[in-house]
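A closer look at the structure
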Amino acid sequence: AYIEIKGRKDGLSLRLDGLCAYDLWYYSDVITSSNVQVSLDGTNWDRVQVTTKSITQPDGEGGDGELEITINWKRYDAVAM
């Protein structure tokens, strides 16, 4: 007999709203970068995987744009004992 623990992924969504066209351009590096890192305490940084991206372009120069990024933060591999 053995105990099997399935793998698990922890993730979250980051959302910025009220953005103008310049803000969206500035933050677009996050969704296209191959090396994105997140920190909870400002000291320890973890590399994350960007999985989905969604951008709502503002109408004109108003600040009604939105950027939403879904990331996988931690991955725990399956363990069999």
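Okay, so let's go over this structure. (Residues numbered from 1 in each chain as written. Predicted model: local features only at pLDDT ≥ 70, side-chain atom pairs only at ≥ 80, totals over all residues. Heavy atoms only, no water.)

1. Brief notes about the environment of Tyr27
We apply this condition: Strands here mean DSSP runs of E at least two residues long; helices mean DSSP runs of H or I at least four residues long; both are numbered from the N terminus. Only protein chains enter the accessibility calculation, which uses a 1.4 Å probe; a residue whose area is less than 20% of its type maximum is buried, one above 50% is exposed, and one in between is partly exposed. Here a residue-residue contact requires only that any non-hydrogen atoms of the pair lie within 4.5 Å.
Mapped onto the fold, Tyr27 is located in helix α1 (residues 21-32). In this structure Tyr27 comes out as partly exposed when scored by relative accessible area, which is 33%. Here the alpha-carbon distance between Tyr27 and Leu67, two residues 40 residues apart in the chain, equals 8.3 Å. Non-local contacts of Tyr27, meaning those with residues more than four positions away in its chain, are made with Leu16, Leu19 and Leu67.

2. Some thoughts on the sheet that holds strand β4 (residues 45-56)
Where we set the bar: Strands were regarded as paired on the criterion that DSSP finds at least two bridges between them. In this description, a line fitted to the C-alpha atoms serves as the axis of each element, helices being fitted only across the stretch in contact, and the angle between N-to-C directions of two axes falls anywhere from 0 to 180 degrees.
Read across the open sheet, the 4 strands follow the order β2-β5-β4-β3; overall the sheet is antiparallel. What marks the edges here is a single partner per strand, and that holds for β2 (8-19) and β3 (36-39). Averaged over all neighbouring strand pairs, the angle between strand axes comes to 40°, with direction disregarded. As paired strands, β2 and strand β5 (residues 65-76) are joined by 11 bridges and run antiparallel to one another. By the bridge assignment, Leu12 is partnered in β5 with Ile71. Contacts between α1 and the sheet are confined to β2, β3, β4 and β5, with β5 contributing the most and set at about 15° to the helix.

3. Section: the pattern of salt bridges
Rules: Salt bridge, as used here, is a side-chain nitrogen of Lys or Arg placed within 4 Å of a carboxyl oxygen of Asp or Glu.
Inspection of the entire model under this criterion finds 3 salt bridges. Here Arg15 ties to Asp17 by a salt bridge, and the two come within 2.8 Å at their closest N and O atoms. For Asp17, a relative accessible area of 46% translates into the label partly exposed. Measuring nitrogen to oxygen at the nearest pair gives 3.6 Å for the salt bridge that ties Glu66 to Arg15. Here Glu66 is found in strand β5, whereas its partner Arg15 is found in strand β2, with 51 residues between them in sequence. With a relative accessible area of 24%, Glu66 lands in the partly exposed category. By sharing partners, the salt bridges in this structure join Arg15, Asp17 and Glu66 into a single network.

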